[in-house]
There are 4 protein chains.
Amino acid sequence: MSHNTFGHLFRFTSWGESHGQAIGCVVDGCPPGISLTNDDIQTYLDKRRPGTSKFVTQRQEADRVKILSGVFEDEDTDGPRTTGTPISLMIDNTDQRSRDYAEIKDRYRPGHADFTYDAKYGFRDYRGGGRSSARETAMRVAAGAIARKILGDNIHIRGCLTQIGTKMIDGDNWDWNQVDHNPFFSPDKDIVNTWETYLDDLRKDGNSVGAIVEVHASGVPAGWGAPVYGKLDTDIAAALMSINAAKGVEIGAGFASAAFTGVENADEICMEDDKPKFLSNHAGGILGGISNGDTIVARMAIKPTSSILTPVRSITRDGQEITVRTKGRHDPCVGIRAVPVAEAMLACVLADHMLRHRGQIG
Amino acid sequence: MSHNTFGHLFRFTSWGESHGQAIGCVVDGCPPGISLTNDDIQTYLDKRRPGTSKFVTQRQEADRVKILSGVFEDEDTDGPRTTGTPISLMIDNTDQRSRDYAEIKDRYRPGHADFTYDAKYGFRDYRGGGRSSARETAMRVAAGAIARKILGDNIHIRGCLTQIGTKMIDGDNWDWNQVDHNPFFSPDKDIVNTWETYLDDLRKDGNSVGAIVEVHASGVPAGWGAPVYGKLDTDIAAALMSINAAKGVEIGAGFASAAFTGVENADEICMEDDKPKFLSNHAGGILGGISNGDTIVARMAIKPTSSILTPVRSITRDGQEITVRTKGRHDPCVGIRAVPVAEAMLACVLADHMLRHRGQIG
Amino acid sequence: MSHNTFGHLFRFTSWGESHGQAIGCVVDGCPPGISLTNDDIQTYLDKRRPGTSKFVTQRQEADRVKILSGVFEDEDTDGPRTTGTPISLMIDNTDQRSRDYAEIKDRYRPGHADFTYDAKYGFRDYRGGGRSSARETAMRVAAGAIARKILGDNIHIRGCLTQIGTKMIDGDNWDWNQVDHNPFFSPDKDIVNTWETYLDDLRKDGNSVGAIVEVHASGVPAGWGAPVYGKLDTDIAAALMSINAAKGVEIGAGFASAAFTGVENADEICMEDDKPKFLSNHAGGILGGISNGDTIVARMAIKPTSSILTPVRSITRDGQEITVRTKGRHDPCVGIRAVPVAEAMLACVLADHMLRHRGQIG
Amino acid sequence: MSHNTFGHLFRFTSWGESHGQAIGCVVDGCPPGISLTNDDIQTYLDKRRPGTSKFVTQRQEADRVKILSGVFEDEDTDGPRTTGTPISLMIDNTDQRSRDYAEIKDRYRPGHADFTYDAKYGFRDYRGGGRSSARETAMRVAAGAIARKILGDNIHIRGCLTQIGTKMIDGDNWDWNQVDHNPFFSPDKDIVNTWETYLDDLRKDGNSVGAIVEVHASGVPAGWGAPVYGKLDTDIAAALMSINAAKGVEIGAGFASAAFTGVENADEICMEDDKPKFLSNHAGGILGGISNGDTIVARMAIKPTSSILTPVRSITRDGQEITVRTKGRHDPCVGIRAVPVAEAMLACVLADHMLRHRGQIG
């Protein structure tokens, strides 16, 4: 990963600013012959879309994706299929309200990239955060939908929210089936009311809060990944940490493993149905940077949305001290919409490693 | 990063197995004209070296590094200087005891990469862990020493241990000056005795334990890093997660930020001496993937050494269930020796981003 | 360069098929603050545009480029300027005639990529050549226009045609001022009539012909490029050879140097105005992969257009022997329109190396 | 390719200077389980070795390669086999005569990289040309030997010399079996005497001469390579042009195709034994950047050795005009020893594309 490009063999390059004409990405390296329609991608974009509940931003974006290249259909192909050439995806920015940006143009909002973009580039497209806006993550979700197609039906990638602010789910209640039946992607239905009240209060206060996202990939065969700078967990860590507002990443037991002894941490192995079976999964499905066949488990900490109504001290471009108060349509908890983004990034890492493994090993 | 290569403009490729003839790396992209001697590198290798206390492995390796290329000296240069061409570094493996590897040859030690290397490659160099051994990290430290030279004297990189198992330091006692005066790189001198007793007990039990490493870089100017897949924090996360036994990575407040509200998390900004000053550093010195001029702070969770004397269930190469008990000279807490490795990786990321920034911006 | 991406620090990824909805590219790594308008790019596209004379394809494409991202303008910027983030460029395909592709769908035209795309990918977008169409080169020209902006006004890149089929220019007549005053980019005005008659005859016969393109870059400072796999001449060779129909590439004296003795080939050096001056330029401005400050000179052989009216033997997808005769609006000499493409690729290589040099050396 | 690294999936990084302690390379991405011994590599190094006839440099280097990592042998493996991890190769520099370098230290030899290395890096390792010496090509040959192992026995790569100075072989005499039976790798035995006399005279005059190398790869399946910046011919052109003293590269008919008409250039296709067969091979086995199953044919022009006894005008580091006369043990025609190097680079490109193809397509 570098610049605005993710991946090695499965790669995509994203472009576009929050309030420019459009955003898009170019997905390169996709194997040929894979069935792919706009709907295959739209399904995942709809999970990430703004405006789906009062707990996410009310910005109204249809977020309709268009496939501009790399897919071909004729009477012989039974629907559109990838050709192996670059797949260009684009979403028009339909909600570019004409508005007065004077407030943020010359002011640095704490926690935003306003200051650092100016420090690096000398000036910035300040409209809605420009390139640093989380709007870019729509293209990650789009690329991830293609990655899932490459991975095929035997690999299942799913994500959820395990913590909002100080409120954690009860792991004993974990039920993946619940995830799509509440506005928080929670696997614990019992916490939903708590989170609603909690977030409602924060939202009314103009405040925001952090969250923890967990993603799983099951069905990944043993052997993907590679030593020592191309480890599977290394690439997952990078992929998740590249998501806006991410401040931490864990694999398997993660930070908890720091408190474990070797005896506690050992994932013992037995045989089941003639195949190796791990009796626990502190490793998160990865050993020595290579998948072990168990479920891959990763977690990501998302900081609170920096846009809050409470006035905070800051400075202007020319070094005047001010107080800043950010109006606008913001997510009280960006962690919610980060769930489909984290799933997508995990899918992209796996698709890339699937192809890289196949390249070296056959 | 991919395969066995780190970095983009400042890059290195490492090679070698734990019990092969030697290990080494090739550092490419180093600016010319930088003074560089074996001693500049040896200093850092000595911090990581086995056998320095009873709390680290007793393997006796002199770990003497040789510079084989990329440095030139004549009567005009006032000592050896980098030429801008690849710097080849090598350390001979002097402690290759002839021994019976039958025990691990056909047996998968839980928590090790034995099983996954076989799953990927079909067979493996099992002597001492082969390529997956932490011995490889010596070359990271060596490359990191060169990275520090590139960064120059105004950027200070240092690391320490903040937690061993369940025993955390008291942050109020933090004193960087203590770090080099105890065998644990602890910044809190009051915890040293506790850790000694704790580790001694674990070691005698043939058990091991995890740890948390923290690294800081001060003096980094605002503006390094880049959106959106080449973020500075993304690359730090990848670099740390690529270290053996790492299971989690944090930037700034990290996972704690998940529990924060936006008001709590805001790093307010004021002016001091005509320069921006952040009143807190939850961001860990990075906003939108770009350094903000404040100290860069990262943390890494290291799992317990997997080699333990307690028998654990496992399987053989051909699928027989067994119990495994790992003898040998192992670190009871690999987290200790991970400190100089984490420092080195942070230095390498920063050197790479310094050159990348200079490339794009001038 | 790999997949559909050119470059390292200055990079672009192109996408799109000849008869899809659009073609485009994403230019990444551009320094910020550079003035850039659609017109800056359109100027060069117009040189490459079809339909400008009877000697190039009559396909009617307006080829109007749109900048979709990476450029920002407000009342402070004095026109649009690059922001340092990805610049997305798009050209709509306006001349997608509905037509019967049955003729080429199942038939392999000799000299085209029809057979090899099928061999690699299993099927292909056959409409107008799909991804293998020279239409893709429009995006190279667009990216090259941005590269020129990065290089600035002191570096001049220009190209011309020195040979069409068996008819070569007379080097003694070389006048760069002539290049834009004839439909062939010829620097020798005396050959223009000869080429007109020659090409007219070939075109009427439904035949085509090859050509040689020469490109120069003057004003490049000594020191750009790098040993040993990132040499400046290596990257120029790759960039030119990646252009459709290219079959050979030379630097400086090129193949002629094979017949030279060392005495004949030596580019002697003297001092002029306190600067080194080369008395000849067999090196083509590059020594050891690094620019020497003299004019960079490269040449490229372009094969004849493969689409000809004369029937030739070929096969169908299912292995039937046939004869193929290619109708349509084809360039009798694709070498002509390759001139602005070659200039663009040279500009892209130089912009990339300028940034890479600055990254390593400062 | 960039910096000192070749390739994408099959990659190697070379290091070392002509008169340093050693030269070496690290080959990464090699598939596991391939039988590999020192002798497999030494065979090819011996073809390139200095001192084999009076027509090549008399420098005496044993050039014994050592494999330091990435290969493992035990009683189960039936000889050493690649493990899939980095293969480190090293050759000690045994012939580092202590000598007075004052002559070249401050003087720029025309045609050498002396001037440009100083221009780029500010100073240089001038001993024997340092990093810019053709000695580096030994590592290309070593890496190429591994590439051949990856490609397997069905792909045959071979090279020869078709021209020395003004003396070309007679293509009608072409016999691959002759190549190893004369000191010039000539496929035409009738030209051997001519070349001997010609080179002897040049050598006695202290002069040198250029040459043309041709390389073939047969047995490459249709489908390797990729549009549009990762074309097979693009990568071959880059690989050959990166060889010291290369000034031109051709694929198939190459520059001759510029003079062809489309009718003359068409490679007609028929069926033979139920497989496509090309009736000619102007394409050189590549269409649209993808192999077509026919023999891949490439050619490279090598300039005369720049080290000549005839005095030529030049300058010193501090800008004084001088005349330079290069003593020492030089090849009168470096093109001869470039033959095994060109073969090796072709093998490396093909191995990389084999793995990349397998990665994307399966």
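These notes cover the structure that comes with them. Each residue is numbered by its place in its chain's sequence as written, counting from 1. Following the order in which they are written, the chains are lettered starting with A and the ligands numbered starting with 1. The predicted origin of the model limits local features to residues at a pLDDT of at least 70 and limits the giving and counting of side-chain atom pairs to 80 or more, whereas totals for whole chains, interfaces and linings rest on all residues. Note that the side-chain values use all heavy atoms of the structure and ignore hydrogens as well as water.

1. Remarks on the overall build of chain A
For clarity, the cut-off: Segments assigned H or I by DSSP are reported as helices when at least four residues long, segments assigned E as strands when at least two residues long, and all are numbered from the N terminus. Here the radius of gyration uses the C-alpha set of atoms, whereas the globule reference equals 2.2 Å times the residue count to the power 0.38. Only protein chains enter the accessibility calculation, which uses a 1.4 Å probe. A residue is then buried if its area is under 20% of the maximum for its type, exposed if over 50%, and partly exposed in between. In this analysis, two residues are considered to be in contact whenever any of their non-hydrogen atoms come within 4.5 Å of each other. All accessible areas in this document rest on Shrake-Rupley with a 1.4 Å probe, and a residue is counted as covered only by the protein chains that are shown.
When helices and strands are tallied, chain A shows eight helices and 18 strands. For a compact globule of 362 residues, the expected C-alpha radius of gyration is about 21 Å, and chain A comes in at 21 Å, within 12% of that figure. The burial tally for chain A puts 67% of its 362 residues in the buried class. Looking at chain A alone, contacts between residues at least 24 apart form 70% of all its contacts between residues at least 6 apart. In the form shown here, chain A has an accessible surface area of approximately 11,500 Å², with 44% of it arising from carbon and sulfur atoms.

2. Quick word on the interface of chain C and chain A
Heads up, the rule is: Note on definitions: buried area is the accessible-area loss of two parts on being combined, 1.4 Å probe, summed for both. We define a salt bridge as a contact between a side-chain nitrogen of Lys or Arg and a carboxyl oxygen of Asp or Glu at a distance within 4 Å. For the purposes of these results, a polar contact is taken to be a pair of N or O atoms within 3.5 Å, where, inside protein, one atom must be able to donate a hydrogen and its partner to accept one; residues adjacent in sequence count only when each atom of the pair is a side-chain atom. Just so you know the grouping, Ala, Val, Leu, Ile, Met, Phe, Trp, Tyr, Cys and Pro go in nonpolar, Asp, Glu, Lys and Arg go in charged, and all remaining residues, Gly too, go in polar.
Contacts between chain C and chain A engage 45 residues on the former and 45 residues on the latter. Across the chain C to chain A interface the summed buried area is about 3,500 Å²; carbon plus sulfur atoms make up 60%. Of the charged contacts in the structure, one is a salt bridge between Lys-105 of chain A and Asp-76 of chain C, with a shortest N-O distance of 2.9 Å. Where chain C packs against chain A, one counts 18 residue pairs in polar contact (both at pLDDT 80 or more). Elements that contribute at least two residues to the side of chain C that touches chain A include exactly strand E2 (11-16), strand E3 (22-28), strand E6 (81-82), strand E7 (87-92) and helix H3 (114-121) of chain C. For the side of chain C that touches chain A, the class distribution of residues is 14 nonpolar, 19 polar and 12 charged.

3. With respect to helix H4 (residues 137-151) of chain B
Residues and elements named next belong to chain B. Quick reminder of the rule: Expected span of a helix: the number of residues minus one, times 1.5 Å.
Counted at 1.5 Å a residue, the expected span for H4 with its 15 residues is 21 Å, and the 21 Å between its end C-alpha atoms agrees. Most of H4 is tucked away, with 14 of its 15 residues classed as buried. Count one or two residues on from H4 and you reach Gly-152, which has phi positive near 85 degrees.

4. Some thoughts on the packing of helix H8 (residues 334-361) of chain B against helix H8 (residues 334-361) of chain C
We apply this condition: To obtain each axis, a line is fitted to C-alpha atoms, and for helices this fit is confined to the stretch in contact; angles are then taken between N-to-C directions over 0 to 180 degrees. Relative orientations are named as follows: roughly parallel for angles under 35 degrees, roughly antiparallel for angles over 145 degrees, roughly perpendicular for angles from 65 to 115 degrees, and oblique for any other angle. Note on convention: near helix rotated counterclockwise from far helix by under a right angle means a left-handed crossing. Clockwise means right-handed.
Running from N to C, H8 of chain B and H8 of chain C cross one another at 135 degrees; their axes reach a closest spacing of 7 Å. By the angle class used here, H8 of chain B and H8 of chain C are oblique. Note that H8 of chain B runs across H8 of chain C; the crossing there is right-handed. On the side of H8 of chain B, the interface is formed by Leu-355, Arg-358, Gly-359, Gln-360 and Ile-361 of chain B, while H8 of chain C contributes Leu-355, Arg-358, Gly-359, Gln-360 and Ile-361 of chain C. Here the residues of the contact of H8 of chain B with H8 of chain C sort into four nonpolar, four polar and two charged.

5. What about helix H5 (residues 192-204) of chain C?
Residue and element names in this part refer to chain C. Here H5 spans 18 Å end to end across 13 residues, near enough to the 18 Å set by a 1.5 Å rise per residue. Along H5, the residues that are buried comprise Val-192, Trp-195, Tyr-198, Leu-199, Asp-200 and Leu-202. On its buried face, H5 sits against strand E8 (156-164), strand E9 (167-168) and H8. Trailing H5 by a residue or two, Gly-206 shows a phi angle of about 70 degrees, which is positive.

6. Focus on the relation of the copies chain C and chain A
One copy of the chain maps onto the second through a rotation about an axis and a displacement along it. Keep this limit in mind: Our superposition of the copies is a least-squares fit, built on the C-alpha atoms of residues whose pLDDT is at least 70 in both.
Rotating chain C by 180 degrees and translating it 0.0 Å along the rotation axis places it on chain A, where the RMSD comes to 0.0 Å. What the superposition gives is, in effect, a two-fold axis relating one chain to the other. The share of interface residues of chain C whose copies in chain A are also at the interface is 100%, consistent with both copies meeting through the same surface.

7. A closer look at the sheet that holds strand E4 (residues 65-67) of chain D
Sheet strands pair by backbone hydrogen bonding; their relative direction is either parallel or antiparallel. Residue and element names in this part refer to chain D. Applicable threshold: Here, strands pair whenever DSSP counts at least two bridges between them.
Strand order in the open sheet formed by five strands is E1-E2-E3-E7-E4, with antiparallel pairing between adjacent strands. A single partner strand is all that each edge strand has here, and the edge strands are strand E1 (5-6) and E4. Across six bridges, the pairing between strand E2 (residues 11-16) and strand E3 (residues 22-28) is antiparallel. Bridging from a neighbouring strand, Ser-14 pairs with Cys-25 of E3.

8. Concerning the sheet that holds strand E3 (residues 22-28) of chain B
Residues and elements named next belong to chain B. Reading across from one edge, E1-E2-E3-E7-E4 is the order of the five strands in this open sheet, with antiparallel pairing throughout. The open sheet terminates on both sides in strands that have one partner only, identified here as strand E1 (5-6) and strand E4 (65-67). Alignment of E3 against strand E7 (residues 87-92), held across six bridges, turns out to be antiparallel. From the neighbouring strand, Ala-22 faces E7, where its bridge partner is Asp-92. Relative to the sheet, helix H1 (residues 38-48) contacts E4 and E7, its axis offset from that of E4 by approximately 155 degrees.

9. Some details on the relation of the copies chain A and chain B
When chain A is fitted to chain B, the residual RMSD is 0.0 Å, and the transformation amounts to a turn of 180 degrees plus an axial shift of 0.0 Å. Taken together, the interface assignments show that 100% of the residues at the interface of chain A recur at the interface of chain B, consistent with an identical surface on both copies.

10. Examining the side chain of Ser-18 of chain D
Inspection of the secondary structure puts Ser-18 of chain D in the loop between E2 and E3. Here the side chain of Ser-18 of chain D touches His-19 of chain D through a polar contact of 2.8 Å, side chain to side chain.

11. Some details on the interface of chain A and chain B
Contacts between chain A and chain B engage 103 residues on the former and 103 residues on the latter. With both chains or domains summed, chain A and chain B bury close to 7,800 Å², and 63% of this area falls on carbon and sulfur atoms. Sorting the residues of chain A by area buried against chain B places Lys-120, Tyr-229 and Lys-247 of chain A first, and these three jointly supply 12% of that buried surface. Where chain A touches chain B, the interface holds zero salt bridges. For the interface between chain A and chain B, the tally reads 50 residue pairs in polar contact (both at pLDDT 80 or more). Here the side of chain A that touches chain B is built from residues that sort into 51 nonpolar, 37 polar and 15 charged.

12. Brief notes about unusual backbone geometry
Keep in mind that most residues, glycine aside, have a negative phi and that most peptide bonds are trans. A cis amide bond links Pro-227 of chain A to the next residue, Val-228 of chain A, at an omega of -15 degrees. Here Val-228 of chain A is to be found in the loop between strand E10 (211-218) and helix H6 (232-241). Even without being glycine, Phe-185 of chain B reaches a positive phi, approximately 55 degrees. A positive phi angle, near 50 degrees, is found at Asp-273 of chain D, a position not held by glycine. By the secondary structure assignment, Asp-273 of chain D is in the loop between strand E12 (269-272) and strand E13 (275-278).

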